[in-house]
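# Fold and contact review
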Amino acid sequence: MADNGKQATWGGRFKDGPDGLMLAFGESVSFDQRLAPYDLQGSLGHASMLLSVGLLNQEEFNSIEKGLKELAEEVKAGDFEWKVEWEDVHMNLEQALRAKTDAADKLHTGRSRNDQVATDMRLFFKDACSQLRDGIEHTMSALLAMAKKYATTPIPGYTHLQRAQPVTVGHHLLAYVEMLGRDHERFSTVSNHANVCPLGSGAIAGSTLPLDRVHVAKALGFVDEAGEACLTPNGMDAVADRDLFVEFASACSLCSLHLSRLAEDLILWNSSEFGYLRLSDSFTTGSSLMPQKKNPDCFELIRGKTGRVIGNLSNLLVTIKGLPLTYNRDLQEDKPPVFDSFEQLGMCLAVTAGALEGAEVDESRCLSAASDPLLLATDLADYLVEHGVAFRQSHHLVGSLVARAEELGISLPELSDEDVQKIFPEIGDDWRDVFDLSRAFAKREKPGMPGPSQVSARIEFWEGILKS
Ligand code: ARG
């Protein structure tokens, strides 16, 4: 604040400074201070461009560079004093630089906070995507280790949460590895979309000054594989565009959603009713009242936080949808949902990995559930197909056998040969072989199926990807 209470960066045309209430209402420094490293990096790139085109002399650049580096240290050490009266991260840093060097007054030449914040956020997104990709890899590795350990442990696969067909723990967990693999790729795409430099767009219409957009883009690493600068092609779009925010929040939502579905499966597996999974003490909690309880809170929280992350995406869509071009102050509200999704997803990934690392599968419970002969009713229908029956008829015939077994209160393979022959006279005497689980898996050795070689090949594939 200037001595007369006016805002020192934009207060020239004002008689009075902002009301305290307005300052508190309009500030963003409480949440955008985390952009400081990117803002300082962006300012250094911009200053080097100003030097290259003669808008700063070497001495001015040197003092700006020195000041920016000192500020980076202060921020990192937690010594920087953030002030609400300077509104946001950009003006806080600029004012702190002014206290170090008069050349700071030239730093904002040819730049607006509009292209500045767009640049900061693009640098943030590149970094955030890379951190989340690491987090995804860690969770994938934990899933893979468990999939490998229990690659051939049979469990029922479910549709409609009803027992459907036998799969293995390995095959089931690999389904989530595939999902996370797609998330990993999605964050690469978001990061590539972030790799475009808005600096030089100014407020909306660039600048009359001889700015060198290519120079600053290269200085900040906004380059393609050939090292060519990537520049936003329209200044109005560059400062109004929030596509990346939505793409990032959407990629976070999808990844959280995958973790939430995994969490739900594992909560079920962990219940006394299923009993397939035991969780370690370190990722469960007890009840304040019921002494016997050991609750899978880690996974329940992941389900809960996913609601929050999806809410952040809706928040952004609704904030942006009615805005005229270009920058409107509403857009200041674009950052909290993005930061929140980033943090929450990062934690959800780490917690999933941690909880999986300490979890154990109860193989005998899995085997006994997977030994339910009804899981192989479809295999019996396939057996009849191999004996020349059309599938629709074989489906119907096996349905009648299921009904007959139910009527007699026995399991499918316990039906007598006579009972079975009444329904299908030509049936061979080997029909009960169908109820052998190893046969069922051995017959499922095509890509995507739960046969043991398929599962181990896919584990190897992902292990190779994660090592590279
Ligand atoms: N704190 C602002 C934001 O995050 C920076 C951009 C301000 N631009 C403006 N024209 N007032 O959106």
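A brief look at the structure comes next. Given the structure is predicted, the values throughout are model-derived calculations rather than measurements. (Residues numbered from 1 in each chain as written. Predicted model: local features only at pLDDT ≥ 70, side-chain atom pairs only at ≥ 80, totals over all residues. Heavy atoms only, no water.)

Every residue near the ligand is listed here: Ser28, Asp32, Asp88, His90, Arg113, Asn114, Tyr327, Gln332 and Lys335. Tyrosine 327 has a polar side-chain atom sitting 2.5 Å from an oxygen atom of the ligand. At 2.7 Å from an oxygen atom of the ligand is found a side-chain nitrogen or oxygen belonging to lysine 335. Protein chains shield 87% of the accessible area of the ligand, which is 350 Å² for the free molecule. Looking at the shell around the ligand, its residues break down into one nonpolar, four polar and four charged. (Near = heavy atom within 4 Å. Polar contact = N/O pair within 3.5 Å; in protein donor to acceptor, adjacent residues only side chain to side chain. Areas by Shrake-Rupley, 256 points an atom, 1.4 Å probe, with all protein chains shown as cover. Nonpolar A, V, L, I, M, F, W, Y, C, P; charged D, E, K, R; others polar.)

This part is about helix α18 (residues 452-467). Given a rise of 1.5 Å per residue, 16 residues ought to cover 22 Å, and the 22 Å separating the end C-alpha atoms of α18 matches this to within 8%. Looking at the buried side of α18, the elements it contacts are α6 (113-149), β2 (162-168) and α7 (169-194). (Helix = DSSP H or I, 4+ residues; strand = E, 2+ residues; numbered from the N terminus. Expected span 1.5 Å × (residues − 1). Contact = heavy atoms within 4.5 Å.)

The grouping of Ile204, Met236 and Leu325 at the surface amounts to a nonpolar patch, some 270 Å² of accessible area in total. Classification of leucine 325 by relative accessible area gives exposed; the value is 61%. (Patch = residues over 30% accessible without salt bridge, like charges linked within 9 Å, V, L, I, M, F, W, Y side chains within 5 Å. Salt bridge = Lys/Arg side-chain N within 4 Å of Asp/Glu carboxyl O. Buried < 20%, exposed > 50% of the residue type's maximum accessible area, 1.4 Å probe, protein only.)

Backbone torsion omega between leucine 325 and threonine 326 reads 5°, so that peptide bond is classified as cis. For threonine 326, the position within the fold is in the loop between α11 (297-321) and α12 (335-357). The phi angle at glutamate 87 is positive, at roughly 65°, despite the residue not being glycine. The topology assignment puts glutamate 87 in the loop between α4 (58-77) and α5 (89-98).

Along the chain, the position of serine 48 falls in helix α3 (residues 36-52). In terms of polar contacts, serine 48 uses its side chain to reach the side chain of histidine 215, at 3.1 Å. Ignoring anything within four residues of it in the chain, the contact list for serine 48 reads Phe61, His215 and Ala219.

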